[in-house]
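Examination of the molecular architecture
Spelled out, the chains give:
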Amino acid sequence: MERQAPAAAHGRFMLRLLRKCVDSVTGLCRLGRRLESLLGRIIELAHEERGAPSGLPWSKRLWALRNGFYSSRLVHYRLTRENLTEYLPDRQYRALHPINGDFSRLIDDKLQLPFTLKDFPDFVPKAYYLAHDGLLFGLAEGLPNCQRCQPGPLLDLLRQNRQFVVKPLYGSRGKGVRVLEHAGGTWRLDGRPCQEPDVVEALRDLRTHLIGEYVEQHAYAKHLFRHATNTMRLVTLRDDDTLQPLLVTAFHRVGTSRSQPVDNVGAGGLFGPISVTTGELGRFTGYPRGRSLEWFTHHPETGEPLAGVVIPRWHDLKDRILGVSRKLSFLSWMGYDVVATENGLKILEINSLPALSCQLFRPYLLQPEVAKFFQRRIRNLRRPSRQFA
C-alpha cells in the first residue's frame, strides 16, 4: 500500500498537468479564433471605409463608427442621433456571424447549394463544371468527371448551350462574374460583341470557378435592363415564437452599363424596394458617390420605368421562397438572390448574413418581428421609440 501511494500521487500529478496543457492549448485556440475574427472585421471595415462617399467630415464618420455603423450609413440612412435606434448597427450585426452556426456553411458555399436545395431541383440553375487547381470537374450528366482545365472543352460547351456563366466559387458583389455567349456565329463577352480569342482569354487561368447555366430572366426583368440579369433579394427569418418563416424585406437590383453583366450595387447597379404585400417596385438608387443619394423612377440610361412596375405572380414567388425557408428551418436568417423566370424562379445564391443596405427602404428595428429577433441575439441593442408604419 505504501509503495502504491507515491505512484497514485504521481498519476494524479500527471493528470493535472495534462489537464493544464489541454486547457492551455484550448485557450490558445480560442484566442486564435478571436484574433482571426477581429482581424477579419478590421479588414472588412477598412474595405468599407475605403469606399465611403467622399466629402463626409471626419467628425461625423468617427461618430458613426463609434455607434457601430459604417460611415456610408450617414448617407444611406441619413443617420442622426434622432433616428439612430431605428437601424441595426453594422458592427453588432457582423459580430453575429455565423448567425446560423455551423449550418451557415451549407448556404455560404455556392457548391453546396444544389445539395441544400435537393428538394427543390427546379429552383437551382444547372452547374456544368467546377474549375479548380488546373482541373475541370464535370458536375452535369454526360460531362467528363475530370480533365485538364483548358478552353477547348468550355468552348465546345458554349457552342452547344449558346450561353453560360463563369463565377468565382468564393466571392461577393458580382466580382469576377463573366457571361459568355455564342449564337449565330457571333461571340459575346458580358453582353458585348467580341472575337473568339477574347473568349479564350477569359477562360484561361480559371482558379476556383463554377461554370453554370445562364438563367433567362422574365420579360419584365429584361425590360428593366437587358444587358444584366436583374435579381431580387428576399430576406427571411424564422420567428422564435411561432417557429414559422417571415419575409421581412425585399428589394430588386437593376444593372447599368457600368455594372453589366451583373446588377450588383457595388459594381454600379441600382436597387429599389419591393412591396412585400403587392410586389410593386419603388424608386431606385445606387451607391452614393457624394453626400446624398440620387433617386430614379425610370432607368437613367434606357428610360424604362422602374417605380410602379409590379412583379408578375409575386404572391406565388413569395410563397415558394417561404416554402424553401420552411424546409430549411434550421437556418433562422437568410437572404435569397432570386431571378424571376417565365416558368417560376431560380435561386442563384443564399446568403447567411445578407447586407444591411436595404434598411434605407425599411429600417429593421422599426419592424416588431425583426427587432424582437435581434434583441434576443444582441445584448443592449437600442430600442426605437416608434414602429414602422
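Now for a quick tour of the structure. (Residues numbered from 1 in each chain as written. Predicted model: local features only at pLDDT ≥ 70, side-chain atom pairs only at ≥ 80, totals over all residues. Heavy atoms only, no water.)

Overview of empty space enclosed by the protein
Note the following rule: Here a cavity denotes grid points, spaced 1 Å and computed from the protein atoms alone, that fit a 1.4 Å probe unable to get out, and a pocket denotes an open set having protein on both sides within 12 Å along at least 5 of 7 lines; residues with an atom within 4 Å of a point are the lining. Grid points are joined across faces, edges and corners, and a volume is the space filled by probe spheres set on the points. Strands here are runs of E lasting at least two residues and helices are runs of H or I lasting at least four, both read from the DSSP assignment and numbered beginning at the N terminus. Gly falls in the polar group here, along with every residue not listed as nonpolar (Ala, Val, Leu, Ile, Met, Phe, Trp, Tyr, Cys, Pro) or charged (Asp, Glu, Lys, Arg).
Considering all chains together, one arrives at two cavities of 30 Å³ or more under this definition. By volume, the largest cavity amounts to about 80 Å³. Considering the residues around the largest cavity, the lining is formed by His-218, Tyr-220, Pro-312, Arg-313, Asp-316, Leu-317, Arg-320, Ala-340, Thr-341, Gly-344 and Leu-345. Elements with a contribution of two residues or more to the lining of the largest cavity: α10 (314-327), β14 (333-341) and β15 (344-351). With three residues, α10 is the largest single contributor of residues to the lining of the largest cavity. Residues that form the lining of the largest cavity fall into these classes: five nonpolar, three polar and three charged.

What to know about the nonpolar core
The condition is simple: Only buried Ala, Val, Leu, Ile, Met, Phe, Trp, Tyr and Cys residues count toward a nonpolar core, and they belong to the same one when joined by side-chain atoms within 4.5 Å. Relative accessibility thresholds used throughout: buried, under 20% of the residue-type maximum; exposed, over 50%; partly exposed, between the two (1.4 Å probe, protein chains only). Here, two residues are considered to be in contact whenever any of their heavy atoms come within 4.5 Å of each other.
With 39 residues, the main nonpolar core has Leu-117, Met-232, Leu-234, Trp-314, Ile-347 and Ile-350 as its most contacted residues. At the level of secondary structure, the elements contributing two or more residues to this core comprise α9 (219-224), β9 (232-238), β10 (245-254), α10, β14 and β15. In terms of residue count, the dominant contributor to this core is α10 (five residues). In this structure, Leu-234 is in contact with Leu-247, Thr-249, Ala-250, Trp-314, Leu-317, Ile-321, Met-334, Gly-335, Tyr-336 and Val-338, ignoring residues within four places of it in sequence. Trp-63, Trp-333, Phe-361 and Leu-365 belong to the second largest nonpolar core, which has 35 residues in total.

Concerning the state of the cysteines
Formally: Cysteine sulfur atoms that come within 2.5 Å of each other are treated as a disulfide pair.
For the coordinates displayed, the defined rule picks out zero disulfides. Cysteine Cys-194 shares no disulfide, and the gap to the nearest cysteine sulfur, in Cys-149, comes to 18 Å.

Focus: the pattern of salt bridges
This is how it is decided: Note on definitions: salt bridges are taken to be side-chain nitrogens of Lys or Arg within 4 Å of carboxyl oxygens of Asp or Glu.
Considering all chains together, one arrives at 18 salt bridges under this definition. Between Asp-90 and Arg-73 there is a salt bridge, with its nearest N and O atoms 2.8 Å apart. Linking Asp-90 in helix α4 (residues 90-94) with Arg-73 in helix α3 (residues 73-76), this pair joins segments that are 17 residues apart in sequence. Accessibility expressed as a relative area gives 2% for Asp-90, which makes it buried. Within the structure, one salt-bridge network assembled from shared partners comprises Asp-239, Asp-240, Asp-241, Lys-372, Arg-376 and Arg-377.

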